[in-house]
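# What the coordinates show
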Amino acid sequence: MAEATHPHVYSIAAHRGFADALVAGLVPRYRDPDLGLARLTLLLPSSRAVRNVTEAFIRHLTDEGAQGTLLPRMAAVGDLDLDEALGPLIDPLGATEISPAIDPTRRWLMLAEIIAREFGDDAPRGPALYRLARDMARVMDRLLVENVAPEALRGDAVLDLLGDLAGHWQDSLRRFAIVQAHWLSWLESEGRIEAAERRNRLFAHAARRWKTDPPAGPVVAAGVTSSAPALARLLRVIADLPDGAVILPDLDLTMNDEVWAELGQAGQAPSPGNPPFARGDAVTHPQYHLKLLLNRMGIGRGEVRSWHRRGAGAAPPERSHAISALFLPPEASKGWIDLAAEKRRLAGVRVLEAATSEEEAQAIALAIREALEEPQKRVALVTPDRPLARRVVQHLRRWNIEADDSAGRPLSQTAAGRLFLLMAEAMAEGGAPVPMIGLLGHPLVRGGNPEARREWLARLRRFELALRGPRPAVGLQVLETVAADSGTQDWWAEAARIMAPLFTDGDPAPLAELLDRLASVGEDLCGEVLWSREDGRALSTFVDDVRLQARAVQTTVDPRDLHAILADAMEAIAVRPPYGGHPRIAIYGLLESRMTRADLVICAGLNEGRWPGRPAVDPLLAPPVLRALGVPGVDFRIGLAAHDLAAAMGAPQVLLTRAARDTEGPTIPSRFLLRVKALLGELLPRHQETALVRMARAVDDGEPAPPYPRPAPIPAPDDRRVRISVTALDRLRSDPYQFYASAILRLKEIDTLDAEPTPAWQGQVAHDILQKWHEGGGALFDVAQRELKRMDHHPLTRALWEPRLLRALEWIESTIAETPERKPVLFEEWGSFERKGIEIFGRIDRLDRLASGGLAVVDYKTGRPPSKAQVERGYALQLGTLGLMVEAGSFAEQAVQGHAEMFEYWSLGKDYKGRSETGFGYIETPVRTGAARTGIEPDEFLPRAAEFLDDALDRWILGTEPFTARLNPDAAGYDTYDQLMRLEEWLGLEERA
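In this text the structure is predicted, and so the values were computed from the model without any measurement. Residue indices follow the written sequence of each chain, beginning from 1 at its first position. Two thresholds apply to this predicted model, a pLDDT of at least 70 for residue-level local features and 80 or more for giving and counting side-chain atom pairs, whereas whole-chain, interface and lining totals are computed over all residues. Side-chain measures were taken over the full set of non-hydrogen atoms in the model, leaving aside hydrogen atoms and water.

What follows is about the nonpolar core. To form a nonpolar core, buried Ala, Val, Leu, Ile, Met, Phe, Trp, Tyr and Cys residues must be joined to one another through side-chain atoms within 4.5 Å. Residue burial is assigned from relative accessible area. The probe radius is 1.4 Å, only protein chains are included, and a residue is buried under 20% of its type maximum, exposed over 50%, and partly exposed in between. If you look at the biggest cluster of nonpolar residues, it comprises 96 residues, and the most contacted ones within it are Leu440, Phe463, Trp492, Leu518, Leu539 and Leu566. Every residue pair with non-hydrogen atoms within 4.5 Å of one another is taken to be in contact. With residues up to four places along the chain from it excluded, the contact list for phenylalanine 463 reads Met436, Ile437, Leu479, Val482, Ala483, Ser486, Thr488, Trp491 and Trp492. Membership of the second largest hydrophobic core comes to 83 residues, among which are Ala207, Ala228, Phe327 and Ala641.

Below, the discussion takes up the pairing of strand β5 (residues 244-249). Where helices and strands are cited, they refer to DSSP runs of H or I of at least four residues and of E of at least two residues respectively, numbered from the N terminus. By the criterion of burial, β5 is predominantly enclosed, with 6 of the 6 residues buried. Neither face of β5 is left uncovered, since the one carrying Gly244, Val246 and Leu248 and the one carrying Ala245, Ile247 and Pro249 both have all their residues buried. Here 4 bridges tie strand β1 (residues 9-12) to β5, and the two strands are oriented parallel to one another. Within β5, the residue paired with isoleucine 12 across the bridge is proline 249. Two strands pair under a simple rule: DSSP has to find at least two bridges between them. Pairing between strand β4 (residues 219-222) and β5: 4 bridges, direction parallel. Bridging from a neighbouring strand, valine 219 pairs with glycine 244 of β5. As for the winding sense of the linkage, the β-α-β connection from β4 through helix α9 (residues 229-240) to β5 is right-handed. For a crossover, the right-handed case is the one in which the path from the first strand over the helix to the second runs clockwise, viewed with the strands pointing away from the viewer.

Looking now at the packing of helix α21 (residues 511-526) against helix α23 (residues 534-553). At their nearest, the axes of α21 and α23 sit 8 Å apart, and the two run at 150 degrees to each other. Relative to α23, α21 is oriented roughly antiparallel. Handedness of the α21/α23 crossing: left-handed. Contacts between α21 and α23 involve Leu511, Ala512, Leu515, Asp516 and Ala519 from the first element and Val543, Val546, Arg547, Ala550 and Arg551 from the second. Whenever a helix is involved, its axis is fitted only over the stretch in contact; in every case the axis is a line through C-alpha atoms, and angles between N-to-C directions fall within 0 to 180 degrees. Roughly parallel covers angles under 35 degrees, roughly antiparallel covers those over 145, roughly perpendicular covers 65 to 115, and oblique covers all other angles. Rotating anticlockwise by less than a right angle from the far helix to the near helix defines a left-handed crossing, while the corresponding clockwise rotation defines a right-handed one.

Attention now moves to the side chain of serine 725. Along the chain, serine 725 turns up in strand β18 (residues 724-725). A relative accessible area of 17% places serine 725 in the buried class. Polar contacts involving the side chain of serine 725 include one to the side chain of threonine 727, which spans 3.1 Å. Under the rule applied, a polar contact is a pair of N or O atoms within 3.5 Å (in protein, one hydrogen donor and one hydrogen acceptor; residues adjacent in sequence only if both atoms are side-chain atoms).

In this section: the pattern of salt bridges. Only one rule defines a salt bridge in this text: a Lys or Arg side-chain nitrogen within 4 Å of an Asp or Glu carboxyl oxygen. Under the criterion given, the structure shown has 52 salt bridges. In this structure, the salt-bridge partner of arginine 671 is glutamate 608, at a minimum N-O distance of 3.0 Å. With arginine 671 in helix α28 (residues 671-680) and glutamate 608 in the loop between β15 (600-603) and α26 (623-629), this residue pair connects regions lying 63 residues apart in the sequence. Given a relative accessible area of 35%, arginine 671 falls into the partly exposed group. Arginine 723 serves as the salt-bridge partner of glutamate 839, at 3.0 Å between the closest nitrogen and oxygen. In this pair, glutamate 839 is assigned in strand β21 (residues 838-849) and arginine 723 in the loop between α31 (717-720) and β18, connecting sequence segments 116 residues apart. What makes arginine 723 partly exposed here is its relative accessible area of 47%.

Here we take up the sheet that holds strand β2 (residues 41-44). Remark on secondary structure: sheet strands pair via backbone hydrogen bonds, oriented parallel or antiparallel. Spatially, 6 strands are ordered β3-β2-β4-β5-β1-β6 in an open sheet, and the strand pairing comes out parallel. Lying at the two open borders of the sheet, with one neighbouring strand each, are β3 (73-76) and β6 (305-306). One ladder, built from 2 bridges, connects β1 with β6; its direction is parallel. For tyrosine 10, the partnering residue across the bridge sits in β6 and is arginine 305.

Turning next to helix α8 (residues 195-212). Compared with the 26 Å implied by 1.5 Å per residue over 18 residues, the 26 Å span of α8 between its first and last C-alpha is a close match. Turning to α8, its buried residues are Ala196, Arg198, Arg199, Asn200, Leu202, Phe203, His205, Ala206, Ala207 and Trp210. On the buried face of α8, the contacting elements are β2, α5 (127-145), β4 and α9. Expected span of a helix: the number of residues minus one, times 1.5 Å.

Next comes the structure, spelled out in structure tokens:
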């Protein structure tokens, strides 16, 4: 009789291997000769746990040589993290009086509507509104899971705290209470309840029924450690069933009572009316949530018994003693000094510390590759760092090893999800070049027909080349000109027809209608390929769900906000790969790793902020409010992460890894890893893994490459004799290699998509405006407006640069008007002449006739003109060469003759010396005039220009001089060809070589 009243609660120690030890005990206890295990109902924490236990059954029965048997009925009832999906409980018969649950997506959209309606102009807009709605839903779930009724927010425990809270916390609490009240009223009118509330009621219903009418078959809850009150009461009922049992993972039964008490009150208030959680509770301890669960079940730790079986891959029992010591609370940790050797034994545990996350990933891949050499050996990589997991997967492919990351990837990062977001981004930005080209070139577009895709991409590349440069104005009509310039009119007509639904008038529209448009465009671009894979199926489910609920709620959004709203929602959806990876490799996140077992477990990414993650304060309810309501604080999750590590460290072989730097900078070691190192003390060197780090650093090492010499190509004489522009002469003398790459190899720089307006582009616009004005096109301001409108570039580009340009043009107009004796006679004219048999050509911006009869050569600059020192050294020959062309009659067709005696740069840049009334525009000359102390004498300017020109022709064009890279490193120039000349590999080393 006494045995029947004793609760059947067991614990499987970390070193035993939970899933395998569980199955090893369940099979002999519950297997029936005829029905196998079919009478057993097994309650597990998650669907992933169901899969892990199923695999453990298969391993056990295979080892026994069984021909086959019926497995138990398994149901997922909850996960450890209260913020994660809790899993459905089988709806017991007779629970039909419990109202159906509201759809989570409908709740999200409806909460956003309530917030916008109740707070009006004070409500956030766009994506921020939907993020707030998601946060509110999360907090509501958290309160419901902890059995906190909505009216508790207006109870004395909270009201007594209100005056002590900061103003923003008071406002946040008030807003939350208002929204919750309206939400509950709407729920009641719909005859629905919250999903978490329904889950609580189902637990309560099952507990009542099983208490009065026990089920016919045995019921076992295994690995369920969620401390939700409703679930804890159900677990107590199961523990009291005649043929029931509750089996906990890694409950430390060796911890002495003083240490157990130091964990804190854990939900058990010392007296009625006191908060259930105290400030001194050790919520970060891996045993804290188990103590909380036992307290809520009404079971003492002394009533828990050790499970009688161990798994096939169990570690030595000393490991559990060391893990227990490892996570001792602060006061108890002082006992490490006197801790016996057997209590700190971590044989089989290694610590690997890499320099970078890339090095860490490579070392992990090597460890996995090494382990696979042993037949039947299983390896599990456990890490919350998904980028690190993806790196490891890529490194394993070096050896043709495919590994699946069972934690999956966010839908937003998959191929199908990315295509959907690109369509939303193109809609939001009115066909901006980057998202549009990214969309049209996406791997799924025309992916079902390789030949059609090849032709599609060929046309797209031609169109893209013509589109490169500053962003054009929005709309499809503007892009027709780009298609005409690139000769892709037919292709663009088809693409524009498909993408037309993405170009809206910008007014708010129903969310369901916008999703219809995206789905339609996606199908036209990709066909069935969009939906055919696992990410496409996940996207289809997501779109159908949001579209259905958006129609029910009548949600409308601004198309410009659609991309951010969808990106946030899709980030929370994990897409897991199909089966097909290596059968002995598993890659898990922390949630997926629970109840798994492998011969080698690699715990990676052990840095603060990753493992454990950064505990974020609840954005809506202040910590004192949550504590008063009886909700565990944010540090509770640190304890869960510690429990995950403790469970993983029960494997026979364990590798703990971290990187000193990641992509964001230096990292801080995880507090858990620091404890491991502190516990090991002087034994740490024996446990440090250095061989894998050395191999990771050496695996990509090759023979040292010889120093790259300074480029100095020597083309054939016939290749040297090329036409030379007046602007290229500057590069020829200062950086011959740039001239060689540009004029001889004819390599031209390609603008990026949506590029910032370059000086060359700005200069072309300014030249076109001035040319039209000089030719009598009307007032300068009117000409500028017409040309800028004709350029039809993006409003942002014009808004940033147009005011500066107009001020400079105003300065030019007033400066010319102030000197009526000086008459412009040439504008933007091309000319050429021969020198030593080589054609020199160029365009003169303006040529003025002076009162003396001489000529003034004017060159417009949008930036800073060359300095006098550059001109004197022959690195800025443009003005002088144009002067030689004038005197040689290169512009004879315009009947312009005379002596060039004045040379000026008219800059449209900002005037820092106060010479311009508009603040933009000034004149500089390379010759010595007035009181200037520097510059070339006016009479010597053209002879010096001819001397420099002849020297350049004799050395490089007609001679055999090599086109040496950066002949004058100090000369101003462009960096267009720096990568081609591999500048960083030799600059500064040429003298040593």
